[in-house]
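Survey of secondary and tertiary structure
Next come the chains, spelled out residue by residue.
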Amino acid sequence: KGKGESSWIFCLLAGQHNDLWIGTSEDGLMRLDITTEKITEQFLHDEKNAMSIGSNEMITNMTFLNADSMAMATSLGIDIFNLKKNEFSHIGETDGLSSDGVYSLINDGKNNLWFTLLDGIAKISLDDKRIHRYNARDGITHENFNYNSVKRLSNNTIVFGSTLGFVYFNPGKIKEKVVPADVQI
């Protein structure tokens, strides 16, 4: 079997250099050269390398963060891929996600990554890695989201697809929750 022949392809992302990024169910991340129609790179998890991709399984969505990096939704959280260094960093439950499995994600253009989890929608600020969660208490009407089902519209509205329809919002109009300081007498 060749690269990727044993996997489902979950997502595709057009690259910036006549290439196509392929997120798979079992074979990690692959890069296809569109001109030669050949897989030129495959990124697999390596237990001995903390900078390798977090898992070979379930890359369900991808988005570019800038010219040098991209983010991937995976069954183990979010992987941030530095394209220049070929290094990955991981964000998972131990970093504050409410669950590891991330279904869809998208960059809002203001250095925030919005994504869906088992229990709602969340945002991570890529500047300071703070995570904000949104669920039914915040007005999210659906919490059962689909893989690779997200779009940012031209007016910056983000739309996430769910099993009951879709949820949409303008991230610029979301007010962050302010937790009051502890009162001590």
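Residues numbered from 1 in each chain as written. Predicted model: local features only at pLDDT ≥ 70, side-chain atom pairs only at ≥ 80, totals over all residues. Heavy atoms only, no water.

1. Digging into the pattern of salt bridges
Following the criterion strictly, the structure yields four salt bridges and no others. In this structure, Arg31 engages Asp19 in a salt bridge whose closest nitrogen and oxygen atoms are separated by 2.6 Å. With Arg31 in strand β3 (residues 29-33) and Asp19 in strand β2 (residues 19-24), this residue pair connects regions lying 12 residues apart in the sequence. Comparing Arg31 with Asp19 shows no difference in burial state: the two are buried. With its nearest N and O atoms 3.0 Å apart, the salt bridge here joins Glu41 to Arg31. (Salt bridge = Lys/Arg side-chain N within 4 Å of Asp/Glu carboxyl O. Helix = DSSP H or I, 4+ residues; strand = E, 2+ residues; numbered from the N terminus. Buried < 20%, exposed > 50% of the residue type's maximum accessible area, 1.4 Å probe, protein only.)

2. Looking at the side chain of Ser69
Mapped onto the elements, Ser69 comes out in strand β6 (residues 69-74). With near-sequence residues (within four places) excluded, Ser69 lies in contact with Phe64, Phe81, Asn82 and Leu83. (Contact = heavy atoms within 4.5 Å.)

3. Re the nonpolar core
Most often, soluble globular proteins keep nonpolar side chains buried together rather than apart. Counting 16 residues, the largest nonpolar core has Ile78, Ile80, Leu113 and Phe115 as the members making the most contacts within it. Breaking this core down by element, the ones donating at least two residues are β6, β7 (77-82), β10 (112-117) and β11 (120-125). The next biggest cluster of nonpolar side chains, apart from the first, holds 13 residues, and it includes Cys11, Phe43, Ile59 and Phe81. (Core = buried A, V, L, I, M, F, W, Y, C linked by side-chain atoms within 4.5 Å.)

4. Things to note about the sheet that holds strand β13 (residues 145-152)
In space, the three strands of this open sheet follow the order β13-β14-β15, with antiparallel pairing throughout. Taken across any chain shown, the strands that pair with only one partner, and hence form the sheet edges, are β13 and β15 (165-169). Pairs of neighbouring strands in the sheet enclose a mean axial angle of 20°, with direction left out of account. As defined by bridge partners, strand β14 (residues 158-162) adjoins β15 across five bridges and the pair is classed as antiparallel. Its bridge partner being in β15, Phe160 is matched across the sheet by Val167. (Pairing = 2+ DSSP bridges. Axes fitted to C-alpha atoms, helices over the stretch in contact; angles between N-to-C directions.)

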